[in-house]
Amino acid sequence: MKVGILKEIKAEENRVSMTPAGVEVMRANGHDVVVEKAAGLGSGFSDEAYIAAGAKIIDTPAEIYADCEMIMHVKEPQPSEYDLVREGQIVFTYFHFAPDEPLTRAFIKNKSVAIAYETVEGPSGDLPLLTPMSEVAGRMSIQEGAKYLERYYGGRGLLMGGVTGVAPANVVVIGGGVVGTNAAHMACGLGAKVHLLDMNLDRLRYLSEIMPKNCFPMMSSPALLRELVMDADVVIGAILVAGAKAPKLVTRDMLKSMKKGSVIVDVAIDQGGCFETSIPTTHGDPVYEVEDVIHYCVANMPGAVPVTSTIALTNATLPYAVEIANKGWKQAAIENNAIKTGLNMVNGKVTYKGVAEAFDLEYVVVDNVL
Ligand SMILES: NC(=O)c1ccc[n+]([C@@H]2O[C@H](COP(=O)([O-])OP(=O)(O)OC[C@H]3O[C@@H](n4cnc5c(N)ncnc54)[C@H](O)[C@@H]3O)[C@@H](O)[C@H]2O)c1
């Protein structure tokens, strides 16, 4: 199969959908790979590195769309690409159709095969192509929290890990999933005192076994949160309620009880955020203050560390991409349920229920197109 790797054109996006190491694996499986000129530069991969791995460099996205059977992206195709996608062409990327009606209608019209990273589902209901980005955001949340605690950035002037004879910071992490566990690990590693809250008892039991001694996994409740937030230096929002907006767990009143110069990092901002006072921000202008508390609410945190994010993402996507290229999308979906769950649109039919429901479109059970 001929596989095309496009340069990302969405603002602030520096990741790329395949590394030169991935190209080498594709080539070893007998596939041709074409890469758009300069596609890897934002992630530290030169055109020469792709050529050395066996790829061909092409100047324009139009030539790649015209030439390839499978297109790979990181972000959803942008309006300038809608008419370039061909009938029957496989497009494998993060789509997030449900909040984007023009994108959804464009992919119904172009009759391609849209396989969405975000709905590829593992055997235990996990989302293997979202997990790496949650790991990045979780780890980064503590890095950002520690930075904004510094006086220069408006924070309390506190070193997260403390030093001999001086107490470390109190960190509260709300949500003990992928983001929360990664955040808690980082904060514990720096020496902070960490409270990690979740609603799921089985999850808390597991966390109690695996987390270090300076981490206290606890059952989340409004009363406990009120108490912990008052004493916190950094609070991380890391909850997810599948298919719903995040509930506002920390109210403005609770914020008033926090210390001046403390920091909140609302990682769940991409689902609306779990602090009443959260508003999405960007890497260019990441923080603002409410009630003397610094708010960091960047919706695409992994974008700040594209080298790490690209390698983490492509480690996860490459095996699926190879399987789709080896077998064709239909046989790959028949044999691998994870790929089947990734199918959102096939030949103008909406095969993912959440997308059909979002815009009141006809839903076709995916098995009917296989
Ligand atoms: N800002 C970014 O750049 C970025 C990047 C990656 C992920 N995210 C977001 O981070 C959030 C967390 O993602 P994840 O991968 O860790 O999800 P996850 O499903 O692995 O974990 C979510 C956890 O929240 C817990 N939870 C739900 N409601 C709760 C409540 N009321 N109190 C305490 N815990 C509660 C769940 O039990 C679960 O353990 C999501 O909203 C995700 O979209 C944002």
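None of these values were measured; they are calculated from a predicted model.

Topic: the overall build of the chain
Then step 1. A tally of regular secondary structure across the chain gives 13 helices and 15 strands.
Then step 2. Over its C-alpha atoms the chain spans a radius of gyration of 22 Å, differing by no more than 12% from the 21 Å that the globule rule assigns to 370 residues.
Then step 3. Expressed as a percentage of the 370 residues in the chain, the buried residues total 52%.
Then step 4. A separation of at least 24 residues holds for 62% of the contacts in the chain among residues at least 6 apart in sequence.
Then step 5. For the chain, the centre of its 32 positive side-chain charges and the centre of its 44 negative side-chain charges are spaced 3 Å apart.

Quick notes on the site of the ligand
Then step 1. Taken together, 26 residues surround the ligand, and among them Ser134, Val179, Asp198, Asp270 and Met301 come closest.
Then step 2. Between the ligand and Val298 there is a distance of 3.1 Å, counted from a nitrogen atom to a backbone nitrogen or oxygen.
Then step 3. Ala299 places a polar main-chain atom, nitrogen or oxygen, 3.1 Å from an oxygen atom of the ligand.
Then step 4. Look at the ligand: alone it shows 870 Å² of surface, and the protein chains cover 83% of it.
Then step 5. For the shell around the ligand, the secondary-structure elements that each account for two or more residues are helix H5 (131-148), helix H6 (178-190) and strand E8 (193-198).
Then step 6. Per-element accounting of the shell around the ligand gives the leading share, 3 residues, to H5.

Some details on the sheet that holds strand E1 (residues 2-5)
Then step 1. Across the sheet, 8 strands lie side by side as E3-E2-E1-E4-E5-E6-E14-E15; this open sheet has mixed pairing. Each edge of the open sheet carries a strand with a single partner, namely strand E3 (56-58) and strand E15 (349-350).
Then step 2. Where helix H1 (residues 20-28) meets the sheet, its contacts fall on E1, strand E2 (32-36) and strand E4 (70-72), and the angle it forms with E2 comes to roughly 150°.

A closer look at the sheet that holds E8
Then step 1. Pairing is mixed in the open sheet, where 7 strands are placed in the order E9-E8-E7-E10-E11-E13-E12. Strands with a single pairing partner mark the edges of an open sheet, and in this sheet they are strand E9 (215-219) and strand E12 (287-290). The mean inter-strand angle of the sheet, taken between neighbouring strand axes irrespective of direction, is 20°.
Then step 2. As paired elements, strand E7 (residues 170-174) and strand E10 (residues 234-237) share 4 bridges and run parallel to each other. In the strand pairing of E10, Val173 is matched with Ile236.
Then step 3. Sitting on the sheet, helix H7 (residues 201-210) touches E8 and E9, and the angle it makes with E9 is about 165°.

Considering the domain arrangement of the chain
Then step 1. Domains assigned within the chain are domain 1 (2-127 + 306-369) and domain 2 (131-304).
Then step 2. On a C-alpha basis, the centroid separation for the pair domain 1 and domain 2 is 32 Å.
Then step 3. Contacts between domain 1 and domain 2 engage 10 residues on the former and 11 residues on the latter.
Then step 4. Buried surface at the junction of domain 1 and domain 2, both sides included, amounts to about 820 Å², of which 50% is carbon and sulfur.

A short note on the packing of aromatic side chains
Then step 1. If you walk through the whole model with that rule in mind, you get 9 aromatic pairs.
Then step 2. When the ring of Phe97 is compared with that of Phe107, the centres are 5.9 Å apart and the planes differ by 65°; the resulting orientation is edge-to-face. In this pair, Phe97 sits in the loop between strand E5 (90-93) and helix H4 (101-109) while Phe107 sits in helix H4, placing the two residues 10 residues apart along the sequence. Neither Phe97 nor Phe107 differs from the other in exposure class; each is buried.
Then step 3. With 5.4 Å between their ring centres and 65° between their planes, Tyr148 and Tyr153 make a pair best called edge-to-face.
Then step 4. The class for Tyr153 is partly exposed, based on a relative accessible area of 36%.
Then step 5. In this structure an aromatic cluster arises from ring pairing among Tyr148, Tyr152, Tyr153 and Tyr296.

Regarding the side chain of Glu13
Then step 1. The topology assignment puts Glu13 in the loop between E1 and H1.
Then step 2. Once residues within four sequence positions are removed from consideration, Glu13 is found in contact with Glu8, Val74 and Lys75.

Digging into the nonpolar core
Then step 1. Of all hydrophobic cores here, the largest spans 45 residues; its most connected members are Met26, Met70, Met72, Phe92 and Ile324.
Then step 2. The element that contributes the greatest number of residues to this core is helix H10 (residues 306-327), accounting for 9 residues.
Then step 3. With sequence-adjacent residues up to four places away left out, Met70 is seen in contact with Met1, Lys2, Val3, Gly4, Met26, Ile90, Phe92, Ala321, Ile324 and Ala325.
Then step 4. Counting residues in hydrophobic clusters, the runner-up holds 30 residues, among them Val171, Ala183, Val234 and Ile236.

Parameters and conventions
Sequence order as written defines the numbering, with residues in each chain counted from 1. In view of the model being predicted, local features appear only for residues whose pLDDT reaches at least 70, and side-chain atom pairs are presented and counted only at 80 or more, with totals across whole chains, interfaces and linings using the full set of residues. Side-chain numbers here rest on the full set of heavy atoms in the structure, without hydrogens or water. Strands are runs of DSSP state E lasting at least two residues, helices are runs of H or I lasting at least four, and both sets are numbered from the N terminus onward. Our radius of gyration looks at C-alpha atoms and nothing else; its globule reference is 2.2 Å times the residue count to the power 0.38. Relative accessible area decides the class of each residue, using a 1.4 Å probe on protein chains only: under 20% of the type maximum gives buried, over 50% gives exposed, and in between gives partly exposed. A contact between two residues is defined here by any heavy atoms of the two lying within 4.5 Å. Positive residues here are Lys and Arg, negative ones are Asp and Glu, while His and the chain termini are left out of the count. Charge coordinates come from a single atom per side chain, which is NZ of Lys, CZ of Arg, CG of Asp or CD of Glu. Consider each residue's heavy atoms; a residue with any of them within 4 Å of a molecule or strand counts as near. Here a polar contact means two N or O atoms within 3.5 Å. Within protein one must be a hydrogen donor candidate and the other an acceptor candidate, and residues neighboring in sequence count only if both atoms are side-chain atoms. Only the protein chains shown count as cover for residues, and all accessible areas are computed by the Shrake-Rupley method using a 1.4 Å probe. A pair of strands is considered paired only if DSSP assigns at least 2 bridges between the two. Every axis in this analysis is a line fitted to C-alpha atoms, fitted for helices over the stretch in contact. Angles between the N-to-C directions lie between 0 and 180 degrees. Domain start and stop points were drawn from an automatic or database domain assignment. Buried surface area refers to the total accessible area, computed with a probe of radius 1.4 Å, that the two partners give up upon joining, counted for both partners together. Between rings of Phe, Tyr and Trp, where Trp is taken as its six-membered ring, a pair exists when centres lie within 6.5 Å; planes separated by under 30 degrees are stacked, by over 60 edge-to-face, and by other angles tilted. We define a nonpolar core as any set of buried Ala, Val, Leu, Ile, Met, Phe, Trp, Tyr and Cys residues linked to one another through side-chain atoms lying within 4.5 Å.

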